[in-house]
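So the chains spell out like this:
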Amino acid sequence: MIDDLHSPESNSITSSIISQFTKHNVIFHYDNVTQPRVYPIISQVVTNASYFMINYDSPRGLLHRPIACKFIHVVILERYSRFQQYEHTNKFPMEYADILVFVINLDAGKMENQTEEFKLWKGDFLDKAGGLFILYANNLTLYTMCFYCGEDSEELRKITDLRKDAKNGKIHVPKLRRYINKYTDFKGYRFRIGYTNYKPFFWCETSFKNSSVTEYDIYGSEGELLYLMNSKYNASVEMHNFTHLPDAWVAIIEAVNNRSLHWAVGGVSLTLSRGDYVDFTSFIQYEAFTVLYSVYEDPWMSWRNIIVPFEFQTWLALMFSICIISSLLYVTMQLTGYRGKIPYGYLIRGSLHFLMEQPIPVVRKELRSRWTSLVLMSLWLMVALVMTNAYKSKLTSSLISSNADEPDSIDELVEQDFYFQTSNIDTSMLQENMGTSADSKFLEALQRSSNDSDFCTAVQKTIGHKVGIIDEETAMQYSVQEECRKLMSIEEQQDLRMIKYELFPSQHAWPMQLAAPYRHSFNAIISRLHAAGIFIKWNSDYYSAVQKVPKSDHGTRNGNRPKFSLMSILGPVFIWALGMLSATLVFIGELIHGR
């Protein structure tokens, strides 16, 4: 039977197949038994291709597939099933532009059985190739198999238009490129797609037309994209709902990886760890993780407001000034000839009366009779009026405003002892981005998080409590207004805030089987839609009417309003200095007059 593999007719058919793909290089897969067959084929090939030779019986083992090249794999093995060894050696043994050519011997009496045997044998990697040809060398029949080509996909179809050249007797196969799958027409092939309902990007409603047909109503920007793909590429879909499974996105990635699904939709984010198990399309939607919380009023803030209008240094300067003015009054009385005794507490009490806007105590005759004392008292009265009115206006402003604070970042939330709720669909995105972060605040926030509630229940937990929700911004904005609004009062809705500084970015994409050959066609459409602004239009259709939860504005809250500092009261300080100079001159005059 091996002699049939060496027949000139089968050699000419094989070389004719190779010669039609001038942009492909060639990898020959053979063993010690079939090695003599290889060189007669090469001698007939009309192309400038590079050749790679893989001997399955060589102690050097199998070679790795070169990257970024298109290849024709010519498999001439005594047992064709040994080709699976090549799959085990290479993570991606086939690319979407590769072509497979099997040259096989079959027993004439077992032709049909062995054809079925090949269909059952075909590994999971064969459908990654753009074209598959099977040449039965003993009867010179050529078959092709097209994957993702309608209801009869993966059926062997016989190529009947083999032509024999009358001059040299060689057999040619014309126009083989028509059998290559370009992945632009799936001819109604039914793809198995997993999904999670993740509004506003994707959600699906099913209805049963009859006992055997299910209709799907799909919405969101990803739903519009799926409709477009189905119509453009003539495909149909079979939808599988993963929404209510625990860790739904993890389950979806596993299902795509083990080939139970062709791909998945519904807000799946691209991550490095998931990239080891699936191939993602080009990004569809750019998102960002943030925190939703309700403004929290500290009951002790009203007490704090009594002090905060002035900076600490201003309070110190004020108390020091009271001591200075009282001491100056006392000293000037003694130096200007007064021999009686005036209590020091009386002088301090008089200074405080000015600040508290209390009735001024009766000025003793000893103070009224000395100009220095009158100048000092008048000076302090002017300073006290300015300081008192500044304090009152600032205090009034702080008391009539809300005492609630609006943290701008997750760092501030952690410092204020907030706890966090995360999505009950999947937390692997947070674990990968926050769990591996060098930021201690991220790690602490993750340790304080739980995912034991659905979204609306989590929103209710934030009302009046130090609880935040970590999730993607657009999804939270939509869910708050469209799903949770009826569970909250108007005041509670108005207290909701998003932090000003986002946590980290996220990109939505469709996870597909590793080396899925149709992924490149999908990427081309996605890129064109982005360039034309179609995704912006789709997102606007589903999301623009939603009333947005406002961002935090930490700078307007009482704890962050500017306080009166020494620089803010330069006017009173100047009056104080000018008055001190005047009082000094009057004091000198009184001393001279007294003598």
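Residues numbered from 1 in each chain as written. Predicted model: local features only at pLDDT ≥ 70, side-chain atom pairs only at ≥ 80, totals over all residues. Heavy atoms only, no water.

(A) Layout of the overall build of the chain. Counting its regular elements, the chain contains 21 helices and 24 strands. If you take every contact in the chain between residues at least 6 apart in sequence, the share linking residues at least 24 apart comes to 77%. Carbon and sulfur atoms make up 55% of the accessible area of the chain, which totals about 29400 Å². (Helix = DSSP H or I, 4+ residues; strand = E, 2+ residues; numbered from the N terminus. Contact = heavy atoms within 4.5 Å. Areas by Shrake-Rupley, 256 points an atom, 1.4 Å probe, with all protein chains shown as cover.)

(B) Molecular detail of the sheet that holds strand β3 (residues 71-76). The strand order across the open sheet formed by 7 strands is β2-β1-β3-β4-β5-β6-β7, and the pairing between neighbours is mixed. Two strands close off the open sheet at either side, each with one partner strand: β2 (51-55) and β7 (156-159). On average, each strand axis in the sheet is tilted by 20° relative to the strand beside it, whichever way the strands run. Across 6 bridges, the pairing between strand β4 (residues 99-104) and strand β5 (residues 131-136) is parallel. (Pairing = 2+ DSSP bridges. Axes fitted to C-alpha atoms, helices over the stretch in contact; angles between N-to-C directions.)

(C) A look at the pairing of strand β16 (residues 285-294). Among the 10 residues that make up β16, 9 are buried, leaving the element largely enclosed by the rest of the structure. Relative to strand β23 (residues 504-508), β16 runs antiparallel, the two sharing 5 bridges. Among the inter-strand pairings, E287 is bridged to a residue of β23, identified as S506. Bridging between β16 and strand β21 (residues 467-472) involves 5 bridges; their strand directions are antiparallel. Residue pairing in the sheet places F289 in a bridge with E472 of β21. (Buried < 20%, exposed > 50% of the residue type's maximum accessible area, 1.4 Å probe, protein only.)

(D) Structural context of the side chain of S294. Here S294 lies in strand β16. With residues up to four places along the chain from it excluded, the contact list for S294 reads T462, I463, G464, D495 and L496.

(E) Broad picture of the state of the cysteines. Taken as a whole, this structure holds 2 disulfides when the rule is applied. At a sulfur-sulfur separation of 1.7 Å, the disulfide partner of C146 is C149. Both residues of the pair, C146 and C149, belong to the buried class. Put simply, C456 and C484 are joined by a disulfide, and their sulfur atoms are 2.1 Å apart. The disulfide joining C456 to C484 has a torsion of about -85° about its S-S bond and is therefore left-handed. Of this pair, C456 sits in helix α16 (residues 455-462) while C484 sits in the loop between α17 (473-482) and α18 (490-494), placing them 28 residues apart in sequence. On the basis of relative accessibility, which here comes to 13%, the residue C456 falls in the buried class. (Disulfide = S-S within 2.5 Å.)

(F) View of the layout of surface pockets. Considered as a void within the structure, the largest pocket measures approximately 580 Å³ in volume. Broken down by secondary-structure element, the contributors of at least two residues to the lining of the largest pocket are β11 (203-208), α16, β21 and α17. Tallied by class, the residues present in the lining of the largest pocket amount to 11 nonpolar, 8 polar and 5 charged. (1 Å grid on protein atoms, 1.4 Å probe; cavity = no way out; pocket = protein on both sides within 12 Å on 5 of 7 lines; lining within 4 Å. Points joined across faces, edges and corners; volume = space filled by probe spheres on them. Nonpolar A, V, L, I, M, F, W, Y, C, P; charged D, E, K, R; others polar.)

(G) Looking closely at the packing of aromatic side chains. For the coordinates displayed, the defined rule picks out 30 aromatic pairs. Ring geometry for F28 versus Y51: centroids 6.1 Å apart, planes at 25°, classification stacked. On the criterion of sequence distance, the pair formed by F28 in strand β1 (residues 25-30) and Y51 in strand β2 is long-range, its members being 23 residues apart. By relative accessible area, Y51 is classed as partly exposed at 28%. Grouped by ring-pair contacts, the aromatic residues Y148, F186, Y189, F191, Y233, W263, W510, Y518 and F522 constitute a single cluster. (Phe/Tyr/Trp six-rings, centres within 6.5 Å; stacked < 30°, edge-to-face > 60°.)

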